[in-house]
Structure formats: structure tokens, C-alpha cells
Amino acid sequence: MSQERIPFDELVSLLTQVFRRHGTSETAADVLARNCASAQRDGSDSHGVFRMPGYLSTLASGWVDGNAQPVVEDCAPGFVAVDAGNGFAQPALEAGRELLLEKVRQNGIALMAIRNSHHFAALWPDVEPFARQGLVALALVNSMACVVPAGGRKPLFGTNPISFAAPRTGHDPLVFDLATCAIAHGDVQIAAKEGKTLPEGYGVDADGQPTCDPEKILDGGALLPFGGYKGSALSMMVELMAAALTGGNFSFEFDWSGHPGAKTPWTGELLIVIDPARGAGSNFADRTETLVQAMVGVGQTRQPGDRRYRQRAESQRLGVAITAADLAYLKGLLD
Ligand code: NDP
Ligand code: PYC
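Not measured: the values here are computed from a predicted model.

1. Section: the domain arrangement of the protein
Here's step 1: Along its sequence, the protein is organised into domain 1 (1-61 + 305-335) and domain 2 (69-181 + 225-304).
Here's step 2: Each of domain 1 and domain 2 has a C-alpha centre, and these two points are 22 Å apart.
Here's step 3: Every contact between the two is made by 23 residues of domain 1 and, on the other side, 25 residues of domain 2.
Here's step 4: When domain 1 packs against domain 2, the two sides together hide about 2,000 Å² of surface, and 59% of this comes from carbon and sulfur.
Here's step 5: At the junction of domain 1 and domain 2, the tally comes to 2 salt bridges.
Here's step 6: Between Arg-312 and Glu-128 there is a salt bridge; the shortest N-O distance is 2.9 Å.
Here's step 7: Those elements giving two or more residues to the side of domain 1 that touches domain 2 turn out to be α2 (26-41), α3 (52-61) and α10 (306-318).
Here's step 8: Tallying contributions element by element places α2 first for the side of domain 1 that touches domain 2, with 7 residues.
Here's step 9: Of the residues contributing to the side of domain 1 that touches domain 2, the split by class is 7 nonpolar, 9 polar and 7 charged.

2. A closer look at the sheet that holds strand β10 (residues 222-223)
Here's step 1: Spatially, the 3 strands line up as an open sheet ordered β9-β8-β10, and their pairing is antiparallel. This sheet does not close on itself; its edge strands, each paired only once, are β9 (210-211) and β10.
Here's step 2: With 2 bridges connecting them, strand β8 (residues 203-204) and β9 associate as antiparallel partners. Of the residues in β9, the one forming a bridge with Val-204 is Pro-210.

3. Some words on α3
Here's step 1: For α3, the buried fraction is high: 7 of the 10 residues fall into the buried class.
Here's step 2: Buried within α3 are the following residues: Met-52, Gly-54, Tyr-55, Leu-56, Thr-58, Leu-59 and Ser-61.
Here's step 3: Of the surrounding elements, those touching the buried residues of α3 are α1 (8-21), α2, β3 (79-88) and α11 (324-332).

4. Some remarks on the sheet that holds strand β2 (residues 71-76)
Here's step 1: Strand order in this open sheet of 7 strands is β2-β3-β4-β11-β5-β6-β7, and the pairing throughout is mixed. The open sheet is flanked by β2 and β7 (171-178), the only strands paired with a single partner. For this sheet, the mean angle separating the axes of adjacent strands, direction not counted, is 15°.
Here's step 2: Of the pairings in the sheet, the one linking β2 to β3 comprises 5 bridges and is antiparallel in character. Along β3, the bridge assignment pairs Val-72 with Val-82.
Here's step 3: Contacts from helix α9 (residues 284-297) reach β5 (136-141), β6 (162-168) and β7, with the element oriented near 105° to β6.

5. Describing the packing of aromatic side chains
How two aromatic rings sit relative to each other is set out by the distance from centre to centre and by the angle between their planes.
Here's step 1: Applying the stated criterion to the full structure yields 9 aromatic pairs.
Here's step 2: Seen from their ring centres, Trp-63 and Phe-254 are 5.9 Å apart, and the 50° between their planes marks the pair as tilted. Highlighted residues: Trp-63 in the loop between α3 and β2 and Phe-254 in the loop between α8 (229-244) and β11 (266-274), separated in sequence by 191 residues. Considered together, Trp-63 and Phe-254 belong to a single accessibility category, that of buried residues.
Here's step 3: Aromatic side chains Phe-254 and Trp-256 sit 5.1 Å apart centroid to centroid with 75° between the ring planes, which places their arrangement in the edge-to-face category.
Here's step 4: A relative accessible area of 10% places Phe-254 in the buried class.
Here's step 5: The exposure class of Trp-256 is partly exposed, given its relative accessible area of 25%.
Here's step 6: Joined through ring pairs, the aromatic side chains of Phe-19, Tyr-55, Phe-88 and Phe-120 make up one cluster.
Here's step 7: A cation sits over an aromatic face here: Arg-51 above Phe-120, 4.5 Å from the ring centre.

6. Re the site of ligand 1
Here's step 1: Neighbouring ligand 1 are 20 residues; Ala-121, Asp-177, Ala-179, Gly-305 and Arg-307 lie closest to it.
Here's step 2: In the model, an oxygen atom of ligand 1 is placed 3.3 Å from a nitrogen or oxygen of the His-47 side chain.
Here's step 3: Within the backbone of Asp-306, a nitrogen or oxygen atom sits 3.4 Å from an oxygen atom of ligand 1.
Here's step 4: Every element with two or more residues in the shell around ligand 1 is listed here: β7 and α10.
Here's step 5: For the shell around ligand 1, the class distribution of residues is 9 nonpolar, 5 polar and 6 charged.
Here's step 6: The residue makeup of the shell around ligand 1 includes at least three contributed by each of domain 1 (1-61 + 305-335) and domain 2 (69-181 + 225-304).

7. Brief notes about unusual backbone geometry
Here's step 1: Here Asn-116, not a glycine, exhibits a phi torsion of approximately 55°, which is positive.
Here's step 2: Inspection of the secondary structure puts Asn-116 in strand β4 (residues 109-118).
Here's step 3: You will see that Asn-160, though not glycine, has its phi angle at about 35°, which is positive.
Here's step 4: Mapped onto the fold, Asn-160 is located in the loop between β5 and β6.

8. Examining the site of ligand 2
Here's step 1: In the vicinity of ligand 2, the residues found are His-47, Arg-51, Phe-120, Ser-143, Met-144, Thr-159, Ala-184, His-185, Gly-186 and Pro-265.
Here's step 2: The separation between an oxygen atom of ligand 2 and a polar side-chain atom of Thr-159 is 2.7 Å.
Here's step 3: The contact in question runs from an oxygen atom of ligand 2 to an N or O atom on the backbone of His-185, over 2.9 Å.
Here's step 4: Across the complex, the protein chains shield 93% of the 240 Å² of accessible surface that ligand 2 would expose by itself.
Here's step 5: Tallied by class, residues from the shell around ligand 2 come to 4 nonpolar, 5 polar and 1 charged.

Rules of the game
Residues numbered from 1 in each chain as written. Chains lettered and ligands numbered in written order. Predicted model: local features only at pLDDT ≥ 70, side-chain atom pairs only at ≥ 80, totals over all residues. Heavy atoms only, no water. Domains from an automatic or database assignment. Contact = heavy atoms within 4.5 Å. Buried area = accessible area lost by both parts, 1.4 Å probe. Salt bridge = Lys/Arg side-chain N within 4 Å of Asp/Glu carboxyl O. Helix = DSSP H or I, 4+ residues; strand = E, 2+ residues; numbered from the N terminus. Nonpolar A, V, L, I, M, F, W, Y, C, P; charged D, E, K, R; others polar. Pairing = 2+ DSSP bridges. Buried < 20%, exposed > 50% of the residue type's maximum accessible area, 1.4 Å probe, protein only. Axes fitted to C-alpha atoms, helices over the stretch in contact; angles between N-to-C directions. Phe/Tyr/Trp six-rings, centres within 6.5 Å; stacked < 30°, edge-to-face > 60°. Lys NZ or Arg CZ within 6 Å of the ring centre and 35° of its normal. Near = heavy atom within 4 Å. Polar contact = N/O pair within 3.5 Å; in protein donor to acceptor, adjacent residues only side chain to side chain. Areas by Shrake-Rupley, 256 points an atom, 1.4 Å probe, with all protein chains shown as cover.

Listed below in C-alpha cells is the structure:
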């Protein structure tokens, strides 16, 4: 597979044009293009350009409103809600960002509850910018029913990622971003495309039997939580926080069967942002660094986020890696 390199800004511009041409507002196109290009730049392969056919088939199906105007609600001193209007979650986050930050600075903590929204992306871009402003951020999003709760017989939970970002003195923020199932659904699709098998314990087939075959997981099978009942409990929490608390759908509640081509889960997202300078942790970023150094000291030399930052630095130096086929596909979408 031949690979090309494209400057980040050029990729953003190309993706913006594609989103515009396929039915999104200028604002949504700009936000989604930057998000998708950032994932591609950082080697978040399951949520970069790989996702474009899904975005476009969803827009074409009428399942999502690419022109939605998010409505920001000032609910309480520490509570911002955003009705995404059946649009994407990221433009809704942008619409509420200023009010959220104002409340975080005033109260030391605030949350943003996004509902009626579609999230089809990596979660780290939602939290990393807050840590770059010295804040601690946690994001939770639920997706579509494809994960069997621990001890259960049928899929109910989504792949339900949790992402956390903390400022770190002298370094990029410390960020983790992980699905609460054994592997993200996007990575199962990639494994199937590449003819790879998965490790044991990741999924079951249509009969509920353990399988390492990604095709069988995708063809009527399901994923399993990571860490058994522990990951299952975290996934349950994500359903409650991202859906029940925001007013969004649980992963099992929406029916997209009337919209062939729809791929984006219609759910909710919760963000909690804290200003650590308001408490005893006024040297929080130093403390993060102390903890990281202690982890390194006992042998954990690879921190979450390290691979992405390394990939980002390489992309900044050489351009963002993209297969020639994907680049031709994107350019073809503008013909
Ligand atoms: P991974 O299992 O690849 O990685 C999870 C986290 O662990 C990352 O922060 C990663 O850092 C870190 N990590 C990986 N290996 C190590 C290691 N050896 N030591 C220390 N840290 C490590 O991600 P997932 O498969 O769980 O999720 C992939 C993506 O899918 C995420 O971006 C997630 O947001 C997205 N997703 C989106 C959904 C949605 O509804 N929108 C649903 C489910 C998933 P690093 O990044 O540096 O590799
Ligand atoms: O990879 O699990 C996933 C996923 C679901 C929605 C967007 N990405």
C-alpha cells in the first residue's frame, strides 16, 4: 500500500471541502475536518480518514443533521447543557466551550452535558485542549449497542470510551483515551479489512461463542468489556453519565434501521472540567510530573499519549501519513 505525506493544514482544508460538499454547515465542516485530520496526524487510525465513508454515508442517509445549530443552556453555576439538535457532538462542544470555561474559572469545576448528538471520533481531541490551558478534563461518550455486559447474553452497552487529560509540567499533557470494551469497534473493522485475527477474550460470534475472527464479531457477534466485570461497570457508568445525565439516548435506545448507511451513534457526551489551581493542588502540573517520573522509575517508561505525541511530531516534520488510495478517495469526493 503506497503511502503519501500531506501537510496538516492541507489535509484540514481538503476534509473541510469534503464535509461542505456533503451537507454540513461551514462551522461543522471546520470542526469535524480538524478533528479527523488530528486523528490521522496522531496515528489514531480507527478515527481518522478511515471514518470518512461512515460520515458521508450517514449524512446522505439523513440520520444526522450536518447543519444543526447547537443550543447552549446555562443550567446552573457549574452546569452547561447543549442540545446538539441531532448534529455532531464536536460543534456542540465548541458552541458551549466559552460558557463552560467561564464557569470552570468561577467555580473551580463545571460540566457540559451534550445531548441529541452524534460522536464518531476519537475522544482525546475533546479533552487535550483543556489540559493545555492548565485544566483537568474528563470526557465520556456512549455509542451503539455492540458490547455484552459481564455475565450477559446480548449486546447492550456501547464501546463507551473514557478520556482524561491533565497538565504536566514541561511536557505535553498526560492523556489517556480508551474504549471500555476490549477493542474499539473501528479497530475490529480494520482487523477484518486486513484479514487479521484478534486476541482471545475480545468478542463473541452470533451464537455467543468466543471468537478471534473480527468478521464474526461484525457479522451478528459482539464485543466484550475489557477486564470482565470491572470494564463492564465502567461502561455502565458511561451509559449513565453520557446518556441518562445528559438527556441523550442509551446505546441500545436508538433505531437507525430506517436510515440505511447510518453509522454515527445518536447518544450524548459528558465533559467534566476542573481548575486544579483552585484547590490544594495548586502545583498540580508539577505533581503530575512527579507521578510520571515515579512511574518511569518503577519501569513504566511508556505513558498513555506517548505514541500519539511521537506520531504527531513525525507528522509535523514530514507531513501527515495517508495511503495514496485514501488521498485519491478524498480528492475524488470533490469531483
Ligand atoms: P487503545 O487501546 O489503543 O489505547 C488506549 C489508551 O491506552 C491510549 O491512551 C493509549 O495511548 C494508551 N496505551 C496503549 N498502549 C499502552 C501501553 N503499552 N502503555 C501505556 N499506555 C498505553 O485505544 P482503544 O482501542 O481503547 O480506543 C481507540 C480509539 O477509539 C480512542 O481514541 C477512542 O476514543 C475511540 N473510540 C471512540 C468511540 C466513540 O463513540 N466516539 C467509541 C470507542 C472508541 P496512545 O494513544 O499513546 O497509544
Ligand atoms: O470505534 O467503537 C468505535 C466507535 C464507535 C463510534 C465511533 N467509534
